[in-house]
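# Descriptive analysis of the structure
Residue strings, one per chain:
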Amino acid sequence: MRAVRMTSPGVLEQVEVPTPTAGSGEVLLAVGAVGACHSDLHVLDAPPGLFPTPITLGHEIAGTVETVGAGVTGWSAGDRAAVYGIIGCGTCRACLRGRENQCRRVPPGGIGLSRDGGLAEYVAVPASRLLHVGDLDLIQAAPLTDAGLTPYHAIELARPALRPGTTCVVIGIGGLGHLAVQILVATTAVHIIAVDTSVAALDLATRMGAHHVVRADPEAVDRIREIVGPAPDGADVVIDCVGVDPTLTTARSVVATGGQLLLVGLGGGTLPVRPVADEPPTMPLETNVVIPFWGTRAELQELIALGRLGLVTADVQTFPLERAPEAYDLLRRGEIHGRAVIVP
Ligand code: FEH
Ligand code: ZN
Ligand code: ZN
C-alpha cells in the first residue's frame, strides 16, 4: 500500500509498504481522511531517536473498518470510525481515571507517534481507540479527533468559568481556533472575541458565530479592552491557539483577575510569571493558567455528537496522499487556512 512516512529524522516521503493486518484486539481501517497537524512538524523536526523511524505519520484519523482482529467485539467491516490517537499505558493514575492525555508513559504512546499512523491507505489500530461516527463525513470526522478535541478539552477545563454572559477571547482562528469558536457557540452562552492577523480568518470566525473580531496588531489589546473593560476586569477566559510571545502577551494583558488562560497553541512562546503584585504585573492575581493537551475519549465522543448534529464543521483543505509532503510544507509556511486533510 502507499504510505507517507518519516523514513529518517526530518525526511517525509511517500513509500510502498506492506498493507498491515489487524492483530489480536485490533481493527484494520481503510483510511478515509487524516488531518495534517503542526505537531507532525515537531515530530519531523525532533532530535533523532525521540520518535521511531521509519514511521507512518498522521494522528488525526477517520476511516472505514476493513477487517477486525481476534477478540474484537462491537465492530464490523463497513463501520465508520474516528480514531482516538492517544495510547495510554492503561495502568497509571491518570489512565485509571480516564485521562489518558495525562498518561505518565514516556515517550507518550500514540497512533502516528509511537506506532504507524494514518498517512496511508490502511492503518491497524487497537479497537479500544475507535469511536463510531455513523454517517458523519470522514473528512469532517478526522479533524475532530485532534484539531477539534484539543480546544474541546480546553473549553471543558474552563467550563466553570464560561458562565452565560461572560467573555471568551480566542486567539488564532486557524485549524484549532476556528473549531474552538464553533464549540463555544454550540456549548456556551458566552461573548466570543476572535483575534487573528488575517481578515479572512476573522471573516470565518464571524460566520462561525464570533460576536466580535479584532485584528492581531499593536492596538489589539486596546481594542479587546474596549470590549472587556479595564484591568483588573477583563476577559473571563482566553484561549491562545497560537502560543507565540506576541499572542501570549496579548492573552495575559486582557485576562481578568481570576480569569482562565488556556495555552493551547504549541508555538514555542514564553509566558513570564512573576508572582508578585508588581507594576505592571505580568498577569492579574488569581489567574489560572492551564496547558491543555489533546483530550479524552469521552470528550471525543461528545464532540462527534456535535459534528453529527452539524454544530461543529471543520473548514478543510483536502489533498491526495501523494501531495501530503506539499501540504506539510504549506502548513509550515502558514499557508493552510482551516485544517489540511489528506484523503488517501
Ligand atoms: C500530538 C503529539 C505530540 C504533541 C502534541 C500533539 C498534539 O497535536 C495533540 O493535539
Ligand atoms: Zn496533533
Ligand atoms: Zn498511563
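Just so it is clear, the model here is predicted, and its values are computed rather than measured.

## Comments concerning the packing of helix α1 (residues 38-45) against helix α9 (residues 324-332)
- Contact geometry for α1 and α9: axes closest at 10 Å, N-to-C directions at 100°. With respect to α9, the axis of α1 lies roughly perpendicular. Facing α1, whose interface residues are His 38, Asp 40, Leu 41 and Asp 45, α9 presents Tyr 328, Leu 331 and Arg 332.
- Residues of the contact of α1 with α9, tallied by class, amount to three nonpolar, one polar and three charged.

## A short note on the coordination of the zinc ion (ligand 2)
- Coordination sphere of the zinc ion (ligand 2), protein contribution only: Cys 37 (SG), His 59 (NE2) and Asp 146 (OD), at 1.8 to 2.2 Å.
- Coordination at the zinc ion (ligand 2) is tetrahedral, judged from the four donor atoms that bind it and the angles of 94 to 125° they form at the metal.
- We note that the donor set of the zinc ion (ligand 2) lies within a single chain, spaced as C-x21-H-x86-D. Linking Cys 37 in the loop between β3 (26-35) and α1 with His 59 in the loop between β4 (55-56) and β5 (61-68), this pair joins segments that are 22 residues apart in sequence. Taken as a pair, Cys 37 and His 59 share a single burial class, namely buried.

## Description of the pairing of β3
- Burial within β3 is extensive, with 10 of its 10 residues counted as buried.
- Relative to strand β7 (residues 122-126), β3 runs antiparallel, the two sharing five bridges. Bridge pairing in β7 places Val 27 opposite Val 125.
- As judged from the seven bridges shared by β3 and β5, these two strands associate in the antiparallel manner. Looking at β5, one finds that Ala 30 is bridged to Thr 64.
- In this sheet, strand β16 (residues 339-343) lies alongside β3 in antiparallel orientation, the contact comprising two bridges. Each residue of the ladder has a partner; that of Val 34, found in β16, is Ile 342.

## Looking at the coordination of the zinc ion (ligand 3)
- Distances from the zinc ion (ligand 3) to its protein donors, Cys 89 (SG), Cys 92 (SG), Cys 95 (SG) and Cys 103 (SG), fall at 2.3 to 2.4 Å.
- One can describe the site at the zinc ion (ligand 3) as tetrahedral: its four donor atoms subtend angles covering 102 to 120° at the metal.
- The sequence motif formed by the donor residues of the zinc ion (ligand 3) is C-x2-C-x2-C-x7-C.

## A closer look at the sheet that holds strand β13 (residues 255-263)
- In space, the six strands of this open sheet follow the order β11-β10-β9-β12-β13-β14, with parallel pairing throughout. At either end of the open sheet lies a strand with only one pairing partner, and these are β11 (212-215) and β14 (288-290). Here the average twist between neighbouring strands, direction ignored, is 15°.
- Where β13 and β14 come together, three bridges link them in parallel fashion. For Leu 261, the partnering residue across the bridge sits in β14 and is Val 289.
- Its contacts with the sheet put helix α4 (residues 177-187) on β9 (167-171), β10 (191-196) and β12 (235-240), and the angle it makes with β9 is roughly 160°.

## Some thoughts on unusual backbone geometry
- That bond from Thr 53 to Pro 54 is cis: its omega, -5°, falls within 30 degrees of zero.
- Along the chain, Pro 54 falls in the loop between α1 and β4.
- Residue Pro 232 is reached from Ala 231 by a cis peptide bond, and omega for that bond is 5°.
- With respect to the helices and strands, the residue Pro 232 is situated in the loop between α6 (220-228) and β12.
- At Glu 286, a residue that is not glycine, the phi angle is positive and equals roughly 70°.
- Checked against the element boundaries, Glu 286 lands in the loop between β13 and β14.
- Here Glu 286 falls in the exposed class, since its relative accessible area comes to 64%.
- The backbone of Trp 294 shows a phi angle near 50°, a positive value even though the residue is not glycine.
- Among the secondary structure elements, Trp 294 is positioned in the loop between β14 and α8 (297-308).
- Judged by relative accessible area, Trp 294 falls into the buried class, the value being 6%.

What counts, and at which threshold
- The residue numbers shown here count from 1 along each chain, following its written sequence.
- Chain letters and ligand numbers both follow the written order, the letters beginning at A and the numbers at 1.
- Totals for whole chains, interfaces and linings use all residues, but because this is a predicted model, local features are given only for residues with pLDDT of at least 70 and pairs of side-chain atoms are given and counted only at 80 or more.
- Calculated side-chain values reflect all of the structure's heavy atoms, with hydrogen atoms and water omitted.
- Here, axes are lines fitted to C-alpha atoms. For helices the fit covers the stretch in contact, and angles between N-to-C directions go from 0 to 180 degrees.
- Runs of H or I in DSSP of at least four residues are treated as helices and runs of E of at least two as strands, each being numbered from the N terminus.
- The labels follow the angle: roughly parallel below 35 degrees, roughly antiparallel above 145, roughly perpendicular from 65 to 115, and oblique for the rest.
- The criterion used for residue contact is that any of the two residues' heavy atoms lie within 4.5 Å.
- Ten residue types, Ala, Val, Leu, Ile, Met, Phe, Trp, Tyr, Cys and Pro, are classed as nonpolar, four, Asp, Glu, Lys and Arg, as charged, and the remainder, Gly among them, as polar.
- Think of the donor list as every N, O and S atom within 2.8 Å of the metal, or within 3.2 Å for Na, K and Ca; water never makes the list, so a site can look incomplete.
- When four donors show all angles between 85 and 135 degrees the site is tetrahedral, when four or six donors have opposite pairs over 155 degrees and all other angles between 65 and 115 it is square planar or octahedral respectively, and in every other case it is irregular.
- Each residue is assigned to one of three classes by its accessible area relative to the maximum for its type, calculated with a 1.4 Å probe on protein chains only: buried under 20%, partly exposed between the two thresholds, exposed over 50%.
- Only strands joined by at least two bridges in the DSSP assignment are considered to pair.

Everything listed here is a matter of coordinates, which is why it stays silent on function.
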